[in-house]
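# Observations on chain architecture
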Amino acid sequence: MRLPQHSIDRAAPIGVFDSGIGGLSVLQALRAALPGEDLVYVADSAHTPYGERSDAFITQRTSAIARHLRDAHGAKLLVIACNTASAAAAHVVRQDNPGWPVVAIEPALKPAAHHTRTGHVGVLATRSTLASRKFAALRAAVTSAHQDVRFSEVACDGLAASIERWAQGGDGSASRDLLARYLGQLGELGAAAQAIDTLVLGCTHYPLIREQIQQQLPPGVGIVDSGLPVARHARRLLHSTGLLRDETTGDEALSQASLRLLATGSVQTLRAAAQRWLTPTTAALPDVETLAL
Ligand code: DGL
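In this text the structure is predicted, and so the values were computed from the model without any measurement.

### Some points on helix H3 (residues 83-96)
Its 14 residues place the ends of H3 19 Å apart at the C-alpha level, agreeing with the 20 Å of an ideal helix rising 1.5 Å per residue. Buried residues dominate H3, accounting for 10 of its 14 residues. By the burial criterion, the buried members of H3 are Asn83, Thr84, Ala85, Ser86, Ala87, Ala88, Ala89, Ala90, Val92 and Val93. If you follow the buried residues of H3, they end up packed against strand E1 (14-18), helix H2 (55-71), strand E3 (77-80), strand E4 (102-103), helix H5 (127-131) and helix H6 (133-145).

Right, here's the structure in full:
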């Protein structure tokens, strides 16, 4: 009998990873849904962004980080908090790790199809995510289940990278300018017939600037992202596999649970981003560790 290579210990941490700081938007949702769980977050900041890279490169990085979280941290569950890495490599990680619960993320097309009243949904994501077979299959499945809904997508080259830079300081004008350009390319936004009334943030970096995005949208346009559904899915999966740590909830559990933050490149970016976007920051956040990988 082949023994599992992954941890089946309930006290083991959950491994979370993204190309950079974007996955913090998912980590935040995980901390809310699973406050008693220990978390290890890896930002592949030496190689961010992934969005304009080849599938082979993204797969190689995703596999290496998944292995690290499995072997060095004994992660009982892996959350790929990156749409780009999920689309390119989640199936490879699953194939390589039979039985290891792996949660992947995908643009929230299904919730958006339920939300829209005009029947027109806009999707912002990376070039790689939008070009993936996974995305094409998702879009086809949702379109066939909701034949009155159509999707318009724009590949947001450079937007995730500009958010990484924004985290380190600056006024965010580069991100705002890119956003304005990409929202303009989507077409008419608003509640009018045919207009886009629902916007999917299909990259985990974008919810970090949700407020700035909202400011550029006309009233009546709703924003949908996948952080919460992913956290809920992770919770269900832990529960069904008997790996859920405990049922304690709230700030007390959160302050007892451990959090480790690792970066393969700039520790400053992840440190600044965690201070800005991880709330509540009850106890002091751990310092970011360097990961040579
Ligand atoms: N945060 C990532 C995503 O969800 C990727 C951004 C990037 O590295 O280009 O797609």
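That covers the picture; the talk isn't over yet.
### Quick look at the sheet that holds strand E2 (residues 39-43)
Spatially, the 6 strands line up as an open sheet ordered E4-E3-E1-E2-E9-E10, and their pairing is parallel. Two strands in the sheet have a free side with no partner beyond their single neighbour: E4 and strand E10 (289-290). Across 4 bridges, the pairing between E1 and E3 is parallel. Across the sheet, residue isoleucine 14 finds its bridge partner in E3, namely leucine 77.

### Notes on the sheet that holds strand E7 (residues 198-201)
Reading across the sheet, the 4 strands line up as E6-E5-E7-E8 and stay open at both edges, with parallel pairing between neighbours. Pairing within the sheet leaves two strands with one partner each, and these edge strands are strand E6 (150-155) and strand E8 (222-224). For this sheet, the mean inter-axis angle between neighbouring strands, taken without regard to orientation, is 25°. The sheet contacts of H6 involve strand E5 (120-125) and E6, and relative to E6 the element is tilted by about 160°.

### Side note on the nonpolar core
For soluble globular proteins, nonpolar side chains are generally found buried alongside one another. Val79 and Leu124 are the most contacted members of the largest nonpolar core, which has 60 residues in total. Ranked by residues supplied to this core, first place goes to helix H1 (residues 24-33) with 6 residues. Those residues in contact with leucine 124 that lie beyond four places of it in its chain are Val154, Cys156, Leu179, Tyr182, Leu183, Leu186, Leu199, Val200, Leu201, Gly202, Cys203 and Tyr206. By size, the runner-up hydrophobic cluster in this structure holds 20 residues, among which are Ile80, Ala88, Trp100 and Leu291.

### Concerning the state of the cysteines
This structure, assessed with the given rule, holds 0 disulfides. Between cysteine 82, a free cysteine, and cysteine 203, which holds the nearest cysteine sulfur, the sulfur-to-sulfur gap is 6.8 Å. Taking the relative accessible area as the measure of exposure, cysteine 82 reaches 4% and is therefore buried.

### Digging into the packing of aromatic side chains
A full pass over the atoms with the stated rule returns 0 aromatic pairs. One Lys or Arg, arginine 53, reaches over the ring of phenylalanine 57 and ends 4.2 Å from the middle of that ring.

### Focus: the packing of H2 against H3
Where H2 meets H3, the closest approach of the two axes is 9 Å, and the angle between their N-to-C directions is 55°. By the angle class used here, H2 and H3 are oblique. Here H2 runs over H3; the crossing is right-handed. The segment H2 lies against H3, with Asp55, Ile58, Thr59, Thr62, Ser63 and Ala66 engaging Thr84, Ala85, Ala88, Ala89, Val92, Val93 and Asp96. Classifying every residue of the contact of H2 with H3 by side-chain character gives 7 nonpolar, 4 polar and 2 charged.

Criteria and thresholds
Throughout, a residue's number is its position along its own chain's written sequence, starting from 1. Two thresholds apply to this predicted model, a pLDDT of at least 70 for residue-level local features and 80 or more for giving and counting side-chain atom pairs, whereas whole-chain, interface and lining totals are computed over all residues. The basis for every side-chain value is the complete set of non-hydrogen atoms in the structure, without hydrogens or water. Put simply, DSSP H or I for four residues or longer makes a helix, DSSP E for two residues or longer makes a strand, and each gets a number counted from the N terminus. In this scheme, a helix's expected span is set at 1.5 Å multiplied by one less than its residue total. Per-residue accessibility, obtained with a 1.4 Å probe over protein chains only, is compared with the maximum for each type, and a residue is labelled buried under 20%, exposed over 50%, and partly exposed between these values. Any pair of residues with heavy atoms lying within 4.5 Å of one another is described as a contacting pair. Paired strands are those between which DSSP finds at least two bridges. Fitting a line to C-alpha atoms yields each axis, with helices limited to the stretch in contact; the angle taken between N-to-C directions then spans 0 to 180 degrees. We call a set of buried residues a nonpolar core when its members are Ala, Val, Leu, Ile, Met, Phe, Trp, Tyr or Cys and they connect through side-chain atoms within 4.5 Å of each other. When two cysteine sulfur atoms lie within 2.5 Å, the pair is treated as a disulfide. When two rings of Phe, Tyr or Trp (its six-membered ring) have centres within 6.5 Å they constitute a pair, described as stacked for plane angles under 30 degrees, edge-to-face for angles over 60, and tilted for the intermediate range. Only lysine NZ and arginine CZ atoms are considered, and such an atom sits over a ring when it is within 6 Å of the ring centre and within 35 degrees of the ring normal. For classification purposes, angles smaller than 35 degrees are called roughly parallel, those larger than 145 roughly antiparallel, those between 65 and 115 roughly perpendicular, and all remaining angles oblique. Crossing chirality is assigned from the near helix's rotation relative to the far helix, an anticlockwise turn below a right angle marking it left-handed and a clockwise turn marking it right-handed. Only Asp, Glu, Lys and Arg are considered charged in this grouping, and only Ala, Val, Leu, Ile, Met, Phe, Trp, Tyr, Cys and Pro are considered nonpolar; every other residue, Gly among them, is considered polar.

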